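Residues per chain, in single letters:
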Amino acid sequence: MNVDVEGIIQCIKQGDEDGVQTQLQEFNKEYAQCFFFDAEENERRKQRKMEEFKKNKVRDYTDSDSDIDEYDQEDPGVILRQNLAVILVRFLRTAVKCCLLRASLRTLRILSRDKKVLGPLVTDSTLLTLAKLAGLTTSDAGDEASDPDSEFYDNILASLAELKAQQGHTEEEGGEAETDDQCEEHLSFDEDTKSDISNANSGDVDSISWLGSHRTSINEMRRGSIHHKALERGRRDRRESKMEVEEEEEGDAGEEAQRKEAMKVLCNMVYNSTWAQERFSALRLMCGLIERVSSSVSCTSPSSVQFYELRLMFLITALRPELSIELQQEGGVSLLTTALESSLEVQWKDQYECVLDPAAQPISLEASQHITEILKILFNITYSTHRQEPSEADAALYRHLVAILRLCLMRRCMLSDDTDELHGHTVNLLSALPLQCLDVLLMVPLEPDSEQCQGVNMDCVHSLLMFMEQRLESGEKIKEKLTPVLNLLTESCRAHRETRKYIRKHILPPLRDVSHRPEEGTTVKSRLIRLMTHLDTDLKHCAADLIFVLCKENVRRFVKYTGYGNAAGLLATRGLLGIQGARTSSSEAQYSTDSDSDTDEYRQVKDRINPVTGRVEAEQPDPMEGMTEEEKEEEAKRLIMLFNKLSRDKIIQPMGVDEEGKLVPMSGLDENSLIEEAKPESENEEEGGEGNK
């Protein structure tokens, strides 16, 4: 990247704002789509290391996309960008015209994407300057001069001259000897600066003055990058997918564009820098952000800045738990519920019922983006309330919110991806709210075309089922996408009898065809049962819990629908391996005593079903056919000897079920427990025999 930093400095010193604006606009146009400045250099570096590995057959490095270990090598491009960031931050504090201010902020936004340039940006004074431009605070930085400082720019120019001299010196001499000398020089410098770095870590980062009157040296530029974490590769934001057109806006529109650009820079800094997150909290900028969001919500015409205000609020509440708590205590749930209501243009039919117009237009792209951000923030500040008992006022507020979330589940966006994202974040938020407040989802009166069960409206539950099926079919990021909706459906089935009956009718219909394993096929039941043996423990437990609750937490019924092999994981976890008909003693759900009636097709083959696989197995020949009793006894002894040998060599470990229904090594079970376990079975057989007489 060729950045004419010297030219920009000369234009600033001469007061040539048009020249500065022209150069910045060219930079912004060329690198508007650039997210990794040194991608080509990284590829060349990896190629060199791969060649060294092939030559030496020794891998003495860790291959990583973050390239954090490359700070010990001087990158002229990085140093130029760092100097440019330093200059622009200083320049922002001068009285520049609106269009030039926006161009400077756009350049800073592009630079803030690069993790190596964050050092000069992450200072209290810079954060306060950007916060003021974004409308989060009215206070000035205070510790920096507001007028251009000729000596400051001279120092930058001197640093650039030093960089060029070092670069030319390296190119002339080169070789391994020069590399060794430079390494020794850097090592000696690092020893001299250890105390400075420790001072910066123990106090305000401004103690190392990036913008002060002292020379901004190359090594200081490198040192200032210690407070940020690596920028990870991620999905491009659709709002930045098209190159922004430079608009010469004036008046209020120009001020709005300025606030938007400043907000974007803050979003990049907070996302990429843990130090920026800490200083954002310490400087109490959250209060100003809450005021900005509240002001945007109360405006009749939506502002283009509102999305980035919401994005910044989401980032800071996700990354700083204390700010999430602060937002909740400051009435964040009520504020964001109002914002959600405004974005959806909600009309109320009853206290907890929104008007749902089937002919309504899909949610616009801009509105769907705002709604998604609001839902994510609400999740950040409410996820800990799921198991809590809300007060009367909080319960009313949460029910009001759930009524709006029901509308979110029933509405569609202009793009299918936006609809999926909207429904996904809605499900996440519903799973975080107190369970007793979710009854609002079922309190809507029936319509002629409504899904219903025993007179209760099931439209919302049907939407959740369709959403779960869609996530099952997608097969992408299955844990992140499926776990919330599985948990929500499980908890809803425990709490609401009608919900359980409706979902069971769709997922676990009466058994008819048992010629295939339960996990085979493309039905929802088959997909869920396959998840019960998934490698991810959380995911398989969520899938098993849902089916177990649909079976009223009855072990016999659970094994009937899934097969003992698939059910063993959940039964072992809950200590139910030795139980055939009882439910879990720890369950708080109250189930009816209705029986699980078998179909005629199931009754005809019931005795031939293999309980382990859950299907009718083909007739297998008797392996002991034709053997005498003595031969059978000898074969049994031989098998016992083989099992004993495997056990002694610790190749296998015989297991048994203890009194609590959990698997334990056979060595841990005494004979009395085994006798007690066998006794009831023999008694049951005797009672059954007497009853048949």
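Scroll up for the structure.
Now for a quick tour of the structure. Every chain begins its residue count from 1, and numbering advances along the sequence as written. Given that the model is predicted, a residue must reach a pLDDT of at least 70 before its local features are reported, and side-chain atom pairs must reach 80 or more before they are shown or counted; all residues, however, enter totals for whole chains, interfaces and linings. Calculated side-chain values reflect all of the structure's heavy atoms, with hydrogen atoms and water omitted.

**Some thoughts on the side chain of Thr317**
Following the sequence through the fold, Thr317 ends up in helix 13 (residues 306-319). Residues adjacent in sequence count toward polar contacts only when both atoms are side-chain atoms; beyond that, a polar contact is any pair of N or O atoms within 3.5 Å, and within protein one must be able to donate a hydrogen and the other to accept it. Among the polar contacts made by the side chain of Thr317, one reaches the side chain of Asn380 at a distance of 3.0 Å. Setting aside its immediate chain neighbours within four residues, Thr317 contacts Met286, Leu323, Ser324, Leu327, Ile377 and Asn380. Secondary structure elements follow DSSP: runs of H or I no shorter than four residues count as helices, runs of E no shorter than two count as strands, and numbering proceeds from the N terminus. Should any heavy atoms of two residues lie within 4.5 Å, those residues are counted as being in contact.

**Some remarks on the pattern of salt bridges**
By salt bridge we mean one thing: a side-chain nitrogen of Lys or Arg within 4 Å of a carboxyl oxygen of Asp or Glu. The tally for this structure, following the rule as stated, stands at 30 salt bridges. For Arg284, the salt bridge goes to Glu326, with nearest N and O atoms at 3.6 Å. Of this pair, Arg284 sits in the loop between helix 11 (274-282) and helix 12 (285-298) while Glu326 sits in helix 14 (residues 321-329), and the two are 42 residues apart along the sequence. Judged by its relative accessible area of 14%, Glu326 is buried. The salt bridge partner of Arg512 is Glu601, with a shortest N-O separation of 3.4 Å. With a gap of 89 residues between them, Arg512 in the loop between helix 21 (497-507) and helix 22 (524-531) and Glu601 in helix 26 (residues 600-605) connect regions that are remote in the sequence. Think of it in three bands: residues with accessible area under 20% of the maximum for their type are buried, residues over 50% are exposed, and the middle band is partly exposed, with areas taken using a 1.4 Å probe on protein chains only. What makes Arg512 partly exposed here is its relative accessible area of 49%.

**Some words on helix 2 (residues 17-31)**
Here helix 2 is 15 residues long and its end C-alpha atoms lie 21 Å apart, about the 21 Å a rise of 1.5 Å per residue gives. Residues of helix 2 that are buried make contact with helix 1 (5-13), helix 4 (76-92) and helix 5 (98-111). Multiply 1.5 Å by the residue count of a helix minus one, and that product is the helix's expected span.

**Remarks on the packing of helix 16 (residues 365-382) against helix 18 (residues 416-432)**
Angles here are taken between N-to-C directions and fall from 0 to 180 degrees, while the axes themselves are lines fitted to C-alpha atoms, restricted in helices to the stretch in contact. Two numbers describe how helix 16 lies on helix 18: the axes approach to 9 Å, and their chain directions differ by 20 degrees. By the criterion of interaxial angle, the relationship of helix 16 to helix 18 is roughly parallel. Remark: the crossing between helix 16 and helix 18 carries left-handed chirality. Side by side, helix 16 and helix 18 meet where Leu365, Ser368, Ile371, Thr372, Leu375, Lys376, Leu378, Phe379 and Thr382 of the first sit next to Asp418, Glu421, Leu422, His425, Thr426, Asn428, Leu429 and Ala432 of the second. Residue composition of the contact of helix 16 with helix 18, grouped by class: eight nonpolar, six polar and three charged. For classification, angles of less than 35 degrees are called roughly parallel, those exceeding 145 degrees roughly antiparallel, those between 65 and 115 degrees roughly perpendicular, and all remaining angles oblique. Crossings are sorted by hand: turned counterclockwise from the far helix by less than a right angle, the near helix makes the crossing left-handed, and turned clockwise it makes it right-handed. The nonpolar class holds Ala, Val, Leu, Ile, Met, Phe, Trp, Tyr, Cys and Pro. Asp, Glu, Lys and Arg form the charged class, and all remaining residues, Gly among them, are polar.

**A few points about unusual backbone geometry**
Here Gln454, not a glycine, exhibits a phi torsion of approximately 55 degrees, which is positive. Here Gln454 lies in the loop between strand 3 (452-453) and strand 4 (456-457).

**Focus: empty space enclosed by the protein**
Residues are called lining when one of their atoms sits within 4 Å of a cavity or pocket point, these points coming from a 1 Å grid over the protein atoms alone, where a cavity is a set in which a 1.4 Å probe fits but cannot get out and a pocket is an open set with protein on both sides within 12 Å along at least five of seven lines. Grid points are joined across faces, edges and corners, and a volume is the space filled by probe spheres set on the points. Under the criterion given, the structure shown has seven cavities of 30 Å³ or more. Quantified by volume, the largest cavity comes out at close to 110 Å³. Forming the boundary of the largest cavity are Leu438, Leu441, Leu442, Cys460, Val461, Leu464, Leu488, Leu489, Ser492, His496, Thr499 and Ile503. The class makeup of the residues in the lining of the largest cavity is nine nonpolar, three polar and no charged.

**Some thoughts on the packing of aromatic side chains**
The aromatic pairing rule takes the rings of Phe, Tyr and Trp, using the six-membered ring of Trp, and pairs them if the centres are within 6.5 Å, calling planes under 30 degrees apart stacked, those over 60 edge-to-face and the rest tilted. If you walk through the whole model with that rule in mind, you get four aromatic pairs. As a reminder, the over-ring test applies to NZ of lysine and CZ of arginine, requiring each to be within 6 Å of the ring centre and within 35 degrees of the ring normal. In this arrangement the basic side chain of Lys376 is found over the ring face of Phe314, its NZ or CZ atom lying 4.3 Å from the centre. Here Lys560 stacks its cationic end above the ring of Tyr602, 4.7 Å away from the centre of that ring.

**Some words on a nonpolar patch on the surface**
Residues forming no salt bridge and having over 30% relative accessible area are the ones grouped into patches, like charges within 9 Å of each other and nonpolar side chains (Val, Leu, Ile, Met, Phe, Trp, Tyr) within 5 Å. Here the accessible surface of atoms and residues is derived via Shrake-Rupley with a 1.4 Å probe, and residues count as covered only by protein chains that are part of the display. Side chains of Leu639, Leu642, Phe643, Leu646, Ile651 and Ile652 sit close together on the surface and give an oily, nonpolar patch of about 520 Å² of accessible area. Inspection of the secondary structure puts Leu646 in helix 27 (residues 629-648).

**A short note on the nonpolar core**
In terms of nonpolar packing, the biggest core is built from 154 residues, with Leu340, Met468, Ile507 and Leu528 touching the most fellow members. The dominant element in this core, judged by the number of residues it contributes, is helix 17 (residues 392-410), at ten residues. Residues within four places of Leu340 in sequence aside, it is in contact with Ile371, Ile374, Leu375, Leu401, Ile404, Leu405 and Cys408. For this analysis, a nonpolar core means a set of buried residues of the types Ala, Val, Leu, Ile, Met, Phe, Trp, Tyr and Cys, connected via side-chain atoms within 4.5 Å.

In short, shape yes, function no, at least from these values alone.
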